[in-house]
Amino acid sequence: MAEKKTLPSFSKSLFSGFIYDDQIFPFPCQKPDENENLEMILDTLNKFMDRYVDSSQFDRDERMPGDVINGWKELGFFGLVIPEKYGGYGLSNTSYVRILEEVGAVDGSTALLLGAHQSIGLKGLLMFGTEEQKQKYLPRLATGELIAAYCLTEPGAGSDAGGIKTRAIWDEKKKVYILNGSKMWITNGGLADFFTVFAREEIKMENGRTEDKITAFLVTRDMGVKSGNEEKKLGIRSSSTTALFFENVEVPFENVLGERGKGFKIAMEILNSGRVGLAGGCVGGSKRALRQILAFVKEREQFGKPLNNFELIKEKLAQIAMNIFVAESMIYLTTGMIDQGDVDFSLESAMCKVKATDNLWDDVNECLQMAGGIGFSQEYPYEQNLRDARINIIFEGTNEILRIFVALAGMQERGEYLKKMGKALKDPIKGFGLITDYAMHYMKDRLTTDRLPDVDSELVGSKYEFERWAKNLHITAERVLIKYGKQIIDKEIIQKRLADAVIDLFGMISCISRVDTNIKKFGHSECRHEILMCKTFCELAWRRIRRNILMIDKNEDEAILAIADYIISEEKYNYHSVLR
Amino acid sequence: MNIAVCVKQVPDTETKVRIGEDRRSVEERDINFILNPYDEFAVEEAIKTKEANGGEVTIIALGPDRVTSTIRNALAMGGDKAIHIKTDQIPIDPLVVAGALAQILRAGNYDIIFLGKQAIDDDNAQMALLLSELMEIPAISVVTELTINNRQVVAHRQIEGGFEKVETGMPVIISTQRGLNKPRFASLKGIMAAKKITIEERSVSLTENRIEMLELNYPPQKPPGKIVGEGPEAVPELVRLLREEAKVIS
């Protein structure tokens, strides 16, 4: 199994009222020789993409030329995260995500090809595989001889991944598992020869009962996996997405990945670690969109002056730049945490994914808007950018599911603590230690304000707002837990508000750390644009947080749900005509 | 075969060049430095020569500390060794550079020395010939095709309206022109291998510059385009202007 996460999660701790700033300050940066490597890789990458990656041609053809895929293989881009001893290049998470960002800035489908292979397709093998399994498959995965796919989703199990039906039955005579079932929307499905597959099996538990559990398997195409036709898609059309069919596929016992019955956990941990790569690709997409539109609004004239003279255009440009700045800060703070090791980053990577994908969608949408009618034409890149961006909000956990995950996982620790507290209050003598511990913590919470390390004087205001709203989040989360108890699980709108608040908080602290660290390196005047960015974002963010927190108590949720319930029961828009 | 490639670090072609306050140098601060594109053909040809004949490729570059990134780039394409001739800056007089390179090249006893036909920053295009003179070995410049057979070198040189086919023996200096080959991309494998190669640092005594930079200027602004008129009736005037003003037709 993967190594145990020893350091507490920064964002989960926020819910509990703690700020673990040592994970945040200074903003993580790579060793000089790692950066030198990265520069050289990016150089090769850009030269290669310049010559061979034609995103709009790929989109029109709905396929990527085979020799371009081979080019990626020959250059080594399928083995970025695989350790050197297995024939890969052992890059840090930071370098890997930076590379995906650069690819995402040229072609979303290509970012997906490489990302699905390395962020999720082979990640399970890296994290949970045995030495034998790694030696058997990683060298061929590193060269791209085998392309990997991650296979969880099924026709009946999308967001509810626990509901998968693909079944593995142990055949005692043949000494193999027999897999039957099908998978849907598998990225790289038509190209891959190596599949990380999740299937149900009946497992005899220690207590003698049999339970239906999910187990992860390493499956290769030659075991009998069949791909369906390439899906016709809205965007990322040159990437391969197919269904997969398992009909009596025989999988040897040694291809069980990790512990039997722990497949769901493995599936989630792979996704947790993979999401930040997707976020990186999206930031690349936003950067490209900004670059294109900046050239456009400079040239395009209306009312006798270039578009970039108009306030409503400038507002959009600034928002896009800020979106990029914040997402980038969150992502590379998170990859820094991951590279440092031994830290629970599941919330951070989910937040990066939500933020970067929502941002990308807003950014390409606004760019299309700025281009006006031209934006709507297939002659220009804006509509493809929009189509390519859309999937990101859906896959690797819809942003709705991820917001729920952020809120519930964030509150879980505190919830358990409160549950224990509840018991302690019923039995004060036994629970005495707990109660004093709680009282101390409670006092500390309300007396201490200055809990971040000193930051540059320019950022003191931003830091103050972070601390103020971090505390507010903690108090609110606790209040919500006490008010709703277990029922909080169904209060999705409240969860969304809490998630948005904590995403904004993480955005604030990421920017504060980044800019503070840069001021120390380069001085104030060199960083004045970044200071402006950080302060502006923090101002806007805390106002959003305030609104979200206020709306937890004062809202129209019940009315909104009643409206929904009415139309759901009527099965149509059933109101009196306006004309009668 | 003992093969050398001399490479130069130059500003990226997309760099917006800014002239320094002294009006005699270029602001280096925001410049992205790259391997001179013509030298990429030289590195590629050197590696191909090694692959065909065996031997070693030594990358040689002259300049300040920042030059090491360019050396690594060349190594990542497939070089085996590297020599960095350390100087405070790259002298503007090509003869000074040639003198320094010649010292190192003589000591290396190379069979064949490759370099780009010119650097894209100062465009002097003199190095191959200066080295030939100083080292007293033949140089073939502006090469677009090269075959090596039993230490005999046959090269096509690009000349106005055609090519020359010339032959010589080794040692020889070859300056490379676009069309000779398609430079490979540095693979991750090459990049990682390059990191493990120690770049040998050398210092040499430089001769005096005999060329002095007096002034740097931006090229004159392009005059805006002119719309002569619309429709067929504008054609005679357009033809007249193209003939008499622009002088592009006769």
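What's the story with the overall build of chain A in this structure? I'm lost.
Regarding its fold elements, chain A presents 19 helices and 10 strands. The C-alpha atoms of chain A give a radius of gyration of 25 Å, which matches the 25 Å a tight globule of 580 residues would have. Seen along its three principal axes, the alpha-carbon backbone of chain A occupies a region of about 80 × 70 × 65 Å. Here chain A holds 580 residues, and the buried ones make up 54% of them. The contacts in chain A between residues at least 6 apart in sequence include a share of 75% that link residues at least 24 apart. As displayed, chain A has an accessible area near 27500 Å², and 54% of this comes from carbon and sulfur atoms.

Looking at this model, I keep getting lost on the side chain of R387 of chain A. Mind explaining?
Among the structural elements, R387 of chain A can be located in helix α13 (residues 382-390). Polar side-chain contacts of R387 of chain A include one of 2.7 Å to the side chain of D59 of chain A.

When you look at the packing of aromatic side chains in this model, what are you seeing that I'm missing?
We describe a pair of aromatic rings using the distance from one ring centre to the other and the angle between the two ring planes. Evaluation of the coordinates by the stated rule reveals 19 aromatic pairs over all chains. With centroids separated by 5.6 Å and ring planes inclined at 80°, the aromatic side chains of F48 of chain A and F185 of chain B adopt a geometry described as edge-to-face. In this pair, F48 of chain A is assigned in helix α2 (residues 32-52) and F185 of chain B in the loop between β10 (172-176) and α5 (188-195), connecting two distinct chains. Residue class for F185 of chain B comes out buried when judged on its relative accessible area of 15%.

For this particular structure, what's the right way to read unusual backbone geometry?
Leaving glycine out, the prevailing phi sign among residues is negative, and the prevailing peptide bond configuration is trans. For the bond from F25 of chain A to P26 of chain A, the omega torsion is -15°, close enough to zero to count as cis. Structurally, the position occupied by P26 of chain A is in the loop between α1 (10-15) and α2. Cis rather than trans, the peptide bond between M170 of chain B and P171 of chain B has omega equal to 0°. Even without being glycine, N109 of chain B reaches a positive phi, approximately 50°.

For this particular structure, what's the right way to read the environment of D61 of chain A?
Residue and element names in this part refer to chain A. By the element assignment, D61 lies in helix α3 (residues 55-61). The class for D61 is partly exposed, based on a relative accessible area of 42%. As a C-alpha pair, D61 and S238 span 177 residues in sequence and 7.2 Å in three-dimensional space.

Help me understand a nonpolar patch on the surface in this model?
Residues V228, V235, L238, V239, L242, V248 and I249 of chain B make up a contiguous nonpolar surface patch of roughly 500 Å² in combined accessible area. Looking at the secondary structure, you find L238 of chain B in helix α6 (residues 235-244).

Quick question: what am I supposed to make of the interface of chain B and chain A here?
Quite often, the size of an interface is put as the accessible area lost when its parts meet. Facing the 16 residues of chain B at the interface are 20 residues of chain A. In terms of surface lost to chain A, no three residues of chain B exceed F185, L188 and M192 of chain B, which account for 43% of the buried area on that side. Counting across the chain B and chain A interface gives 5 salt bridges. As a salt-bridge pair, K47 of chain A and E40 of chain B come within 3.3 Å of each other at their nearest N and O atoms. For the pair chain B and chain A, the number of links is 5 residue pairs in polar contact (both at pLDDT 80 or more). Elements supplying a minimum of two residues to the side of chain B that touches chain A: α2 (67-78) and α5 of chain B. Across the side of chain B that touches chain A, the residue classes break down as 7 nonpolar, 2 polar and 7 charged.

Just to check I follow, could you spell out the sheet that holds strand β4 (residues 56-63) of chain B for this structure?
All names here are of chain B. The sheet built from 9 strands is open, its strands ordered β9-β8-β7-β10-β6-β1-β4-β5-β11 with mixed pairing. If you trace the sheet from one side to the other, it starts and ends with β9 (162-169) and β11 (199-202), each paired once. Across the sheet, the mean angle separating the axes of adjacent strands is 30° when strand polarity is ignored.

Just checking my understanding: could you explain the domain arrangement of chain B for this structure?
As assigned here, chain B comprises domain 1 (2-202) and domain 2 (223-250). Measuring from the centre of the C-alpha atoms in domain 1 of chain B to the corresponding centre in domain 2 of chain B gives 45 Å.

Looking at this structure, I do not really get the packing of helix α5 (residues 93-104) of chain A against helix α10 (residues 311-340) of chain A. What am I missing?
Pairs of packed helices are described in terms of their axes, by the angle between the two and the distance that separates them. Running from N to C, α5 of chain A and α10 of chain A point in directions that differ by 145°, and their axes come no closer than 8 Å. On α10 of chain A, the residues touching N93, T94, V97, R98 and E101 of chain A of α5 of chain A are E328, I331, Y332, T335, G336, I338 and D339 of chain A.

Conventions used here
Residues numbered from 1 in each chain as written. Chains lettered and ligands numbered in written order. Predicted model: local features only at pLDDT ≥ 70, side-chain atom pairs only at ≥ 80, totals over all residues. Heavy atoms only, no water. Helix = DSSP H or I, 4+ residues; strand = E, 2+ residues; numbered from the N terminus. Rg over C-alpha atoms; globule rule 2.2 N^0.38 Å. Buried < 20%, exposed > 50% of the residue type's maximum accessible area, 1.4 Å probe, protein only. Contact = heavy atoms within 4.5 Å. Areas by Shrake-Rupley, 256 points an atom, 1.4 Å probe, with all protein chains shown as cover. Polar contact = N/O pair within 3.5 Å; in protein donor to acceptor, adjacent residues only side chain to side chain. Phe/Tyr/Trp six-rings, centres within 6.5 Å; stacked < 30°, edge-to-face > 60°. Patch = residues over 30% accessible without salt bridge, like charges linked within 9 Å, V, L, I, M, F, W, Y side chains within 5 Å. Salt bridge = Lys/Arg side-chain N within 4 Å of Asp/Glu carboxyl O. Buried area = accessible area lost by both parts, 1.4 Å probe. Nonpolar A, V, L, I, M, F, W, Y, C, P; charged D, E, K, R; others polar. Pairing = 2+ DSSP bridges. Axes fitted to C-alpha atoms, helices over the stretch in contact; angles between N-to-C directions. Domains from an automatic or database assignment.

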